[in-house]
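Report on the structure
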Amino acid sequence: MTGMTDLSQLLSSMSPELQAGEFVFCSVTGRIADYVHLNPVCFFQEKEGLTLVLLAESATQAYLPFEAKFKQITLTVHSSLEAVGLTAAISDKLTQHNISANVIAAYYHDHIFVPADKASAAMTALQSFSKN
């Protein structure tokens, strides 16, 4: 099944879902194999270190430092990795509400990590796309 590419269709049918739990971004040394037991929802290797996105409780239990807690919003529409403008439209909408957005595109869906205390406002802002 091919993902959707039409921006207006993506925005009107994205159906954002707020996921359970609070997530954190941690920068660690070593390899992903050293941290797989923490069940990160994703990871990315940068030259400065390995970034893990994981549940806050897992980071706390492993004594991993983090700066802030985030809530995950999943856009349930199957977006194509070649879709143009979705990230920009979402970022612009959240910027209008002074909400930072850390977007991770996976194969089927886009996932937006927003500050935990602004998750409700972010959901309202994103849901406004389907009301237009």
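Heads up: these notes are all about the structure in this document. (Residues numbered from 1 in each chain as written. Predicted model: local features only at pLDDT ≥ 70, side-chain atom pairs only at ≥ 80, totals over all residues. Heavy atoms only, no water.)

Considerations on helix α3 (residues 86-96)
Basically, it comes down to this: Exposed residues in this analysis have more than 50% of their type's maximum accessible area, buried residues have under 20%, and partly exposed residues fall in between, with area computed by a 1.4 Å probe over protein chains only. Helix numbers and strand numbers start at the N terminus; a helix is a DSSP run of H or I with at least 4 residues, a strand a run of E with at least 2. The arc in question is traced by the directions running from the helix axis to the C-beta atoms. Pairs of residues are marked as contacts when any of their non-hydrogen atoms sit within 4.5 Å.
What α3 keeps buried is the set Leu86, Ala89, Ile90, Lys93 and Leu94. The buried residues of α3 occupy an angular sector of 125 degrees when projected down its axis, which confines them to one face. Facing away from the buried side of α3, by more than 90 degrees, are the exposed residues Ala88, Thr95 and Gln96. Those residues of α3 that are buried lie in contact with α1 (7-12), β5 (70-75), β7 (110-115) and α4 (119-127). Backbone geometry just downstream of α3 places Asn98 in the positive-phi region, at approximately 55 degrees.

Re the nonpolar core
Here is the rule: By nonpolar core we mean a set of buried residues, namely Ala, Val, Leu, Ile, Met, Phe, Trp, Tyr and Cys, connected to one another through side-chain atoms within 4.5 Å.
Met14, Ile90, Leu94, Ile112, Val114 and Leu126 are the most contacted members of the largest nonpolar core, which totals 19 residues. Among the secondary structure elements, those contributing two or more residues to this core are α1, β5, α3, β7 and α4. Considering every element that reaches this core, the biggest residue donor is α4, with five residues. When near neighbours in sequence (up to four residues on either side) are disregarded, Ile112 contacts Lys71, Gln72, Ile73, Leu75, Ile90, Leu94, Ala101, Asn102, Val103 and Leu126. Of all hydrophobic cores here, the second largest spans 11 residues; its members include Tyr35, Leu50, Leu52 and Leu64.

Examining the packing of aromatic side chains
In plain terms, the rule: Any two rings among Phe, Tyr and Trp, with Trp reduced to its six-membered ring, count as a pair given centres within 6.5 Å; such a pair is stacked if its planes are under 30 degrees apart, edge-to-face if over 60, and tilted if neither. A ring has a charge above it when a Lys NZ or an Arg CZ is no more than 6 Å from the ring centre and no more than 35 degrees off the ring normal.
Applying the stated rule across the entire model yields four aromatic pairs. A ring pair is formed by Phe25 and Phe70, whose centres lie 5.4 Å apart and whose planes are at 80 degrees; its orientation type is edge-to-face. Separated by 45 residues along the polypeptide, Phe25 in strand β2 (residues 23-28) and Phe70 in strand β5 bring together distant segments of the chain. You can call Phe25 partly exposed: its relative accessible area is 27%. With relative accessibility at 12%, the residue Phe70 sits in the buried group. For the ring pair Tyr107 and Tyr108, a centre distance of 4.9 Å and an interplane angle of 75 degrees mean the geometry is edge-to-face. Members of the aromatic cluster, connected to one another through ring pairs, are Phe23, Phe25, Phe70 and Phe113. We note Lys93 situated over the ring of Phe129; from NZ or CZ to the ring centre the distance is 5.0 Å.

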